[in-house]
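Residue-level structural notes
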Amino acid sequence: MLLQQGNWTYMIKSGRGSKPSGALVASSAPRSPWLGILKTCVSYTVGVGAVASIVAWPILGAQAAGSLAFGCALIVVFFGISLLVADWAGRHRASWALPAFLFMYFIKVLGMGFLVLFSGLPEWVLAPYFMWGAIGSLVLWQVGEIRAFSRARLPIFNQDDPSPSPSDGGDHGKP
C-alpha cells in the first residue's frame, strides 16, 4: 500500500500489528515470555540431540546413542524446570518471575553438581558420550535461551508504579 503526503510517497505494509488503514499500532508484551523461551530451547536441544543419537546409533552402537540421549534429557529436564518455575511465578506476580528463575538456576547448578559428584551413572551409560551429549545440549540450550530472550517482547516500564510522572502533571522536573 502506498501513502502519499505532499512530495513524499511512503510504502506501508499492512499485516500483523497494523490496522486495515495501514496505520501501525503498538502491541503489548506477552503476559509471560517464559513458555515461549522454553519452547525454543527444547526445540533446539531435543531436535539436535535426537538427530545426534539417531546418527550415533548405527555408527557407535545403541549404548553410545542412549548415553548421548540421556545427557540431552538431563539438561532438558534440569533447565526446563527453571523456566517452568519462572512462568508459574510470573503468572502469580510478574515481579517474581526473574528472581524465581535465578533461584532455580542456583538450585539446578547445585543439583547437577550433586548428581555428578555423589551419584554415579547407570551401568548402561558410557561416560564420554554422556558428557558430550550433556555439553552439546547445554550449549544448544544456552543458544536457544539467548535467542529467545533477545526476541522476547518484555515490558520496559513498570505499569504498577503509582508515582506521578511529569506528563501526568507531576513535579515537572523539580527535585
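As a starting point, this report considers the structure included with it.

The rules behind the values
Residues numbered from 1 in each chain as written. Predicted model: local features only at pLDDT ≥ 70, side-chain atom pairs only at ≥ 80, totals over all residues. Heavy atoms only, no water. Axes fitted to C-alpha atoms, helices over the stretch in contact; angles between N-to-C directions. Helix = DSSP H or I, 4+ residues; strand = E, 2+ residues; numbered from the N terminus. Left-handed = near helix turned anticlockwise from the far one by under 90°. Contact = heavy atoms within 4.5 Å. Nonpolar A, V, L, I, M, F, W, Y, C, P; charged D, E, K, R; others polar. Buried < 20%, exposed > 50% of the residue type's maximum accessible area, 1.4 Å probe, protein only. Lys, Arg positive; Asp, Glu negative; His and termini not counted. Salt bridge = Lys/Arg side-chain N within 4 Å of Asp/Glu carboxyl O. Expected span 1.5 Å × (residues − 1).

Observations concerning the packing of helix H2 (residues 62-92) against helix H4 (residues 127-151)
Interhelical geometry of H2 versus H4 gives an angle of 35 degrees and a closest axis separation of 7 Å. For the element pair H2 and H4, the recorded crossing hand is right-handed. Judged by residue contacts, Ala64, Ser67, Leu68, Phe70, Gly71, Cys72, Leu74, Ile75, Val76, Phe79, Gly80 and Leu83 of H2 engage Tyr129, Phe130, Trp132, Gly133, Ala134, Ser137, Leu138, Trp141, Gln142 and Glu145 from H4. Here the contact of H2 with H4 is composed, by residue class, of 15 nonpolar, six polar and one charged.

Section: the side chain of lysine 108
Considering the arrangement of structural elements, one finds lysine 108 in helix H3 (residues 97-118). Despite its burial, lysine 108 pairs with no opposite charge, the nearest such side chain being glutamate 145 at 5.1 Å. Here lysine 108 is in contact with Phe78, Phe79 and Ser82, once residues within four sequence places are set aside.

Thoughts on helix H1 (residues 34-60)
Taking 1.5 Å as the rise per residue, H1 with 27 residues should run 39 Å; its terminal C-alpha atoms sit 37 Å apart, in good agreement. Restricting attention to buried positions, one finds in H1 the residues Trp34, Ile37, Leu38, Thr40, Cys41, Thr45, Gly49, Ser53 and Ala56. As for H1, its buried residues are in contact with H2, H3 and H4. Two residues or fewer after H1 comes glycine 61, characterised by a positive phi angle close to 105 degrees.

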